Amino acid sequence: MERIGRIIKSISGFYDVIDDESEELIRTRARGNFRKRKIKPLVGDKVSYDATGDLGYILEILPRENSLVRPPIANIDQAIVVTSAAEPNFSSNLLDKILVNIEHNSIEPVVYLTKSDLLTTEKYQELQKIMQGYREAGYQVFDDQEAYNDDQLDRLEKTFADKVTVFTGQSGAGKSTLLNHIDKELGLATAEISQVLNRGKHTTRQVSLFNIADGLVADTPGFSSIDLMDITPEELPTLFPEFLEYSGECQFRGCRHVNEPNCKVKEELAEGKIMHSRYDDYLYFLNEINSYKKRY
Ligand SMILES: Nc1nc2c(ncn2[C@@H]2O[C@H](COP(=O)(O)OP(=O)(O)OP(=O)(O)O)[C@@H](O)[C@H]2O)c(=O)[nH]1
Ligand SMILES: [Mg+2]
Ligand SMILES: [Zn+2]
């Protein structure tokens, strides 16, 4: 019998599906023809499946609203970008790259700062100014010094209802730790970062969706870097919300905000309304994207 459900976990060729109607958990396999067509079901996929025997079979993947490569997950509404203030060190370049990637997939981004408890008051205040810049750029930011205080956790949880939310960010940033604070029963594995490399140890190995606060929330494997392969130079300036706010007032339509005359974005940059670090990252990413093109 054909039914509809959502993949919440994938383990070595098996896919755990929650049935849309009965909310039962069914273990399934993908039919052989998926492999032939080079289609890989993703966590988050809505699927039709046959559950006649002990083991179900995925028949079709329903059309995706969106999907990410890193982490591999489909049909996401919101992404919590877990960002460490220290250990690993805060990197605006990495944060901006993650944000661009999320904007490209039309997912609502939220910035969640962890590990500010490891900073001196002075360093924390500097970082708070940067975080205020992200708020002014249009992002929702959670940046309390005590990352997991109840009030902040409550406010975060309220954003989960009726959505699929993915926790993403660098390995070791604290994604699983944050989820464990939100739901005390999850008991997700966490590990100290490598002090020698100042990098996380890739503790979380797979994407899993959990039912939390009337929504679905995914813990995912962290990464150390991402690329911008799918993004064109034309699209890039549209992925910075604060540029979009002013680009209508640039003299040229499709202004890239680099060397064009009467560029409103550059005027706002000079006025201090646009963060220098964001603009510098924009130029850096533009360069990176252009260098991919030359290679093909
Ligand atoms: N001091 C401090 N340590 C934290 C904080 N958040 C997380 N940690 C620690 O950072 C380490 C890494 O946390 P994890 O939750 O495993 O990180 P992760 O983002 O899930 O990492 P991956 O699964 O590798 O992607 C653990 O030792 C946590 O206890 C924080 O706010 N403050
Ligand atoms: Mg983890
Ligand atoms: Zn411009």
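All values derive from a computational prediction rather than experimental measurement.

> Looking at this structure, how should I read the domain arrangement of the protein chain?
A common measure of how large an interface is: the accessible area buried when the components associate. Here the protein chain is described as being made up of domain 1 (2–63), domain 2 (68–219) and domain 3 (236–295). On a C-alpha basis, the centres of domain 2 and domain 3 stand 26 Å from each other. Counting residues at the interface gives 13 residues for domain 2 and twelve residues for domain 3. In this structure, glutamate 288 engages lysine 97 in a salt bridge whose closest nitrogen and oxygen atoms are separated by 3.1 Å. Going through the elements one at a time, α2 (92–104) and α3 (121–137) are the ones with two or more residues in the side of domain 2 that touches domain 3. With eight residues, α2 is the largest single contributor of residues to the side of domain 2 that touches domain 3. Considering only residue class, the side of domain 2 that touches domain 3 consists of six nonpolar, four polar and three charged.

> Explain the site of ligand 1 here, please?
As a matter of local geometry, ligand 1 sits amid 21 residues, with Asp117, Tyr148, Ser171, Lys175 and Thr177 nearest to it. The side chain of tyrosine 148 places a nitrogen or oxygen atom 2.7 Å from a nitrogen atom of ligand 1. Alanine 173 has a polar backbone atom sitting 3.3 Å from an oxygen atom of ligand 1. In isolation ligand 1 exposes 670 Å². Once the protein is present, 86% of that is buried. Of the residues in the shell around ligand 1, the class split is six nonpolar, eleven polar and four charged.

> Looking at this model, I keep getting lost on the nonpolar core. Mind explaining?
As a rule of thumb, soluble globular proteins bury nonpolar side chains together. Ranked by size, the top nonpolar core spans 45 residues in total, and within it Ile73, Leu95, Met131 and Leu209 carry the most contacts. Mapping this core onto the domain boundaries places at least three of its residues in each of domain 1 (2–63) and domain 2 (68–219). Setting aside its immediate chain neighbours within four residues, leucine 209 contacts Arg6, Ile7, Ile8, Val43, Gly44, Ile73, Val164, Leu216, Val217 and Ala218. Of all hydrophobic cores here, the second largest spans 20 residues; its members include Phe243, Tyr279, Phe285 and Tyr292.

> Help me out: how do you make sense of the packing of aromatic side chains in this one?
To describe a pair of aromatic rings, one takes the distance between the centres and the angle between the planes. Applying the stated rule across the entire model yields nine aromatic pairs. Measuring from ring centre to ring centre gives 4.8 Å for phenylalanine 240 and phenylalanine 243, while their planes differ by 15°; the resulting arrangement is stacked. With respect to burial, phenylalanine 240 and phenylalanine 243 carry one shared label: buried. Aromatic pair phenylalanine 243 and tyrosine 282: ring centres 5.2 Å apart, planes at 85°, arrangement edge-to-face. Of this pair, phenylalanine 243 sits in helix α6 (residues 241–247) while tyrosine 282 is found in helix α8 (residues 276–295), placing the two residues 39 residues apart along the sequence.

> In this structure, what is going on with the side chain of asparagine 101? I would like to understand it.
Tracing the backbone through its elements, the reader meets asparagine 101 in helix α2. A relative accessible area of 16% means that asparagine 101 is categorised as buried. Contacts of asparagine 101, omitting those with residues within four sequence positions, involve Leu68, Arg70 and Ile226.

What counts, and where the lines are drawn
Residues numbered from 1 in each chain as written. Chains lettered and ligands numbered in written order. Predicted model: local features only at pLDDT ≥ 70, side-chain atom pairs only at ≥ 80, totals over all residues. Heavy atoms only, no water. Domains from an automatic or database assignment. Contact = heavy atoms within 4.5 Å. Salt bridge = Lys/Arg side-chain N within 4 Å of Asp/Glu carboxyl O. Helix = DSSP H or I, 4+ residues; strand = E, 2+ residues; numbered from the N terminus. Nonpolar A, V, L, I, M, F, W, Y, C, P; charged D, E, K, R; others polar. Near = heavy atom within 4 Å. Polar contact = N/O pair within 3.5 Å; in protein donor to acceptor, adjacent residues only side chain to side chain. Areas by Shrake-Rupley, 256 points an atom, 1.4 Å probe, with all protein chains shown as cover. Core = buried A, V, L, I, M, F, W, Y, C linked by side-chain atoms within 4.5 Å. Buried < 20%, exposed > 50% of the residue type's maximum accessible area, 1.4 Å probe, protein only. Phe/Tyr/Trp six-rings, centres within 6.5 Å; stacked < 30°, edge-to-face > 60°.

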